[in-house]
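Examining the three-dimensional arrangement
Single-letter residue listing:
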Amino acid sequence: MSLKAIPESEIVATVIFSCVSFLLMGIVLVLFFYFSRKKIIQKELEKKDLEIHLQKEQLHAIIITQEEERKRIAQDLHDDISSKLNIVSLNTHLLSAPNLTESETREITENIINLTAKALENSRKIAHNLLPPVFEKFGLNAGIEELCEEFETSKAVKVHYTNKIDFDDNEMDRQLHVFRILQELMNNSLRHGKASEIWISFKKNNAISTCDYEDNGVGFDSKNAENQKGLGMKNIDSRISFLNGTIKISSELNKGFTVTFTF
């Protein structure tokens, strides 16, 4: 059948049908891409909201930790320093009292010297807790060695420390976070875990700095999320986030506590 035999109306209808089909197909594709894109944007917004929420939680944890630290320092200054200086002041006024015997003068002077020495020693301890001089002068490795020695002086725990990383002296701010993480972990092991031995190891895994930490304490159920929501752990998470690192915690009741974190 030739083209001339086809009625013009059928040709027009076929053309219209084809145009409508292409138009509908185009509308369907546009709608599909529109809703797909909308869904992707929605998921991206949800992800951003979650990140902002986590950042707020971490910031909140840091602020609370800083406030607790300020309170502790203020309490130490009040109890250890201010009280001793007040007594020194009182003893100094006693020296101006009339009719003091030589022995009384010597006794008051000795009291002033002893109290001043104790106040100086306590102020050094407070400053040391804020930023250990060894860490500031010689770096993270020396700071951790001193930290381990300090814990061992308690005679309650033995610390095994090995390091296979050359820490960069130009990254002291980052290294201070690593130091604080270890401080928190060791305090938890001693105070809550009742551990008698601690193992700390630094090494490189695929060019990534890694710390393996372990104790032989009482442990806890790490599968219970509530056990990882304490202020100390939130503070550690905040520091890990700052370091763009990762952390993995594993523990069971009566089977100790292990942590691996990267930085």
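Up top is the structure.
Quick look at the structure, then. Here the residue numbering is sequential within each chain, running from 1 through the sequence in written order. Local features in a predicted model are, by the rule used here, given only for residues with pLDDT of at least 70; side-chain atom pairs are given and counted only at 80 or more, and totals for whole chains, interfaces and linings are based on all residues. Hydrogens and waters are ignored; side-chain quantities use all the structure's heavy atoms.

1. Section: the overall build of the protein chain
The numbering of helices and of strands both runs from the N terminus, where a helix is a DSSP run of H or I of at least 4 residues and a strand a run of E of at least 2. Each helix and strand in the protein chain was counted, giving six helices and five strands. Each helix and strand of the protein chain, ordered N terminal to C terminal, gives the series α-α-α-α-β-α-β-β-α-β-β. The cut-offs for exposure are 20% and 50% of the maximum accessible area for each residue type, with area from a 1.4 Å probe on protein chains only; residues under the lower value are buried, those over the upper are exposed, and the others partly exposed. Among the 263 residues that make up the protein chain, the fraction classed as buried is 27%. Per-residue and other accessible areas were derived by the Shrake-Rupley procedure at a 1.4 Å probe size, with only the shown protein chains allowed to occlude residues. Looking at the protein chain as shown, the accessible area adds up to about 18,200 Å², and 58% of this sits on carbon and sulfur atoms.

2. Here's the deal with the pairing of strand E2 (residues 197–205)
Of the strand pairs in this sheet, strand E1 (residues 158–163) and E2 are connected by six bridges, and their pairing is parallel. Among the inter-strand pairings, Thr162 is bridged to a residue of E2, identified as Ser201. Orient the strands so they point away from the viewer; a crossover is then right-handed if the path from the first strand over the helix to the second runs clockwise. After leaving E1, the chain enters helix H5 (residues 172–191) and then returns to the sheet as E2, a path that is left-handed. The pairing criterion for strands is at least two bridges between them, as found by DSSP. By the bridge criterion, eight bridges tie E2 to strand E3 (residues 208–215) in an arrangement that is antiparallel. Across the sheet, residue Lys203 finds its bridge partner in E3, namely Thr210. Where E2 folds back on E3, the antiparallel hairpin that results is connected by two residues, among which Asn206 adopts a positive phi of roughly 55 degrees.

3. Brief notes about the pattern of salt bridges
A side-chain nitrogen of Lys or Arg and a carboxyl oxygen of Asp or Glu constitute a salt bridge if their distance falls within 4 Å. Applying the stated rule across the entire model yields four salt bridges. A salt bridge links Glu102 to Arg106; the nearest nitrogen and oxygen atoms lie 3.9 Å apart. Of the two residues, Glu102 and Arg106 are both situated in helix H2 (residues 102–130); the distance of four residues between them amounts to about one turn of the helix. For Arg106, a relative accessible area of 45% corresponds to the partly exposed category. A salt bridge links Lys255 to Glu252; the nearest nitrogen and oxygen atoms lie 3.6 Å apart. Assessed through its relative accessible area of 47%, Glu252 is described here as partly exposed.

4. A short note on the side chain of Arg180
Positionally, Arg180 belongs in helix H5. The definition of a polar contact used here is a pair of N or O atoms within 3.5 Å, where within protein one atom must be able to donate a hydrogen and the other to accept one, and adjacent residues in sequence count solely through side-chain atom pairs. Only 2.8 Å separates the side chain of Arg180 from the side chain of Gln183, close enough to count as a polar contact.

5. Quick notes on the packing of aromatic side chains
The description of an aromatic ring pair rests on the distance of the ring centres and on the angle between the ring planes. The pairing test for Phe, Tyr and Trp rings, Trp by its six-membered ring, is centres within 6.5 Å, and the orientation test on the planes gives stacked under 30 degrees, edge-to-face over 60, and tilted for anything in between. Counting across every chain of the model gives nine aromatic pairs. With 5.1 Å between their ring centres and 75 degrees between their planes, Tyr34 and Phe35 make a pair best called edge-to-face. Taken together, the ring pairs in this structure connect Tyr161, Phe167, Phe202, Phe261 and Phe263 into an aromatic cluster.

6. Things to note about unusual backbone geometry
In this model, Ala207 sits at a positive phi of 70 degrees, which is unusual for a non-glycine residue. Structurally, Ala207 can be placed in the loop between E2 and E3.

7. A look at H5
To estimate the expected span of a helix, subtract one from its residue number and multiply by 1.5 Å. Between its terminal C-alpha atoms H5 stretches 28 Å, which fits the 28 Å expected from 20 residues at 1.5 Å a residue. Among the residues of H5, those classed as buried are Gln175, His177, Val178, Phe179, Arg180, Ile181, Leu182, Gln183, Leu185, Met186, Asn188 and Ser189.

8. Digging into the nonpolar core
Met186, Ile200, Phe202, Tyr213, Phe261 and Phe263 are the most contacted members of the largest nonpolar core, which totals 31 residues. Mapped by element, the contributors of at least two residues to this core are helix H4 (140–152), E1, H5, E2, E3, helix H6 (231–242) and strand E5 (257–262). Element by element, the count of residues in this core is highest for H5, at six residues. Residue contacts are counted whenever heavy atoms from the two residues lie within 4.5 Å of one another. Residues within four places of Tyr213 in sequence aside, it is in contact with Leu182, Leu185, Met186, Ser189, Ile198, Trp199, Ile200, Phe257, Thr258 and Val259. Here, nonpolar core refers to any group of buried Ala, Val, Leu, Ile, Met, Phe, Trp, Tyr and Cys residues whose side-chain atoms link them within 4.5 Å.

9. Description of a nonpolar patch on the surface
By definition, no residue in a patch forms a salt bridge, and every one has over 30% relative accessible area; like charges are joined within 9 Å, nonpolar side chains (Val, Leu, Ile, Met, Phe, Trp, Tyr) within 5 Å. Taken together, the side chains of Ile16, Val20, Leu23, Leu24, Ile27, Leu31, Tyr34 and Phe35 present a nonpolar region at the surface, about 790 Å² in accessible area. Mapped onto the fold, Val20 is located in helix H1 (residues 8–95).

10. Concerning the environment of Leu120
Along the chain, the position of Leu120 falls in helix H2. Classification of Leu120 as partly exposed rests on a relative accessible area of 44%. Along the primary structure Leu120 and Ile81 are separated by 39 residues, whereas in three dimensions their C-alpha atoms are 8.1 Å apart.

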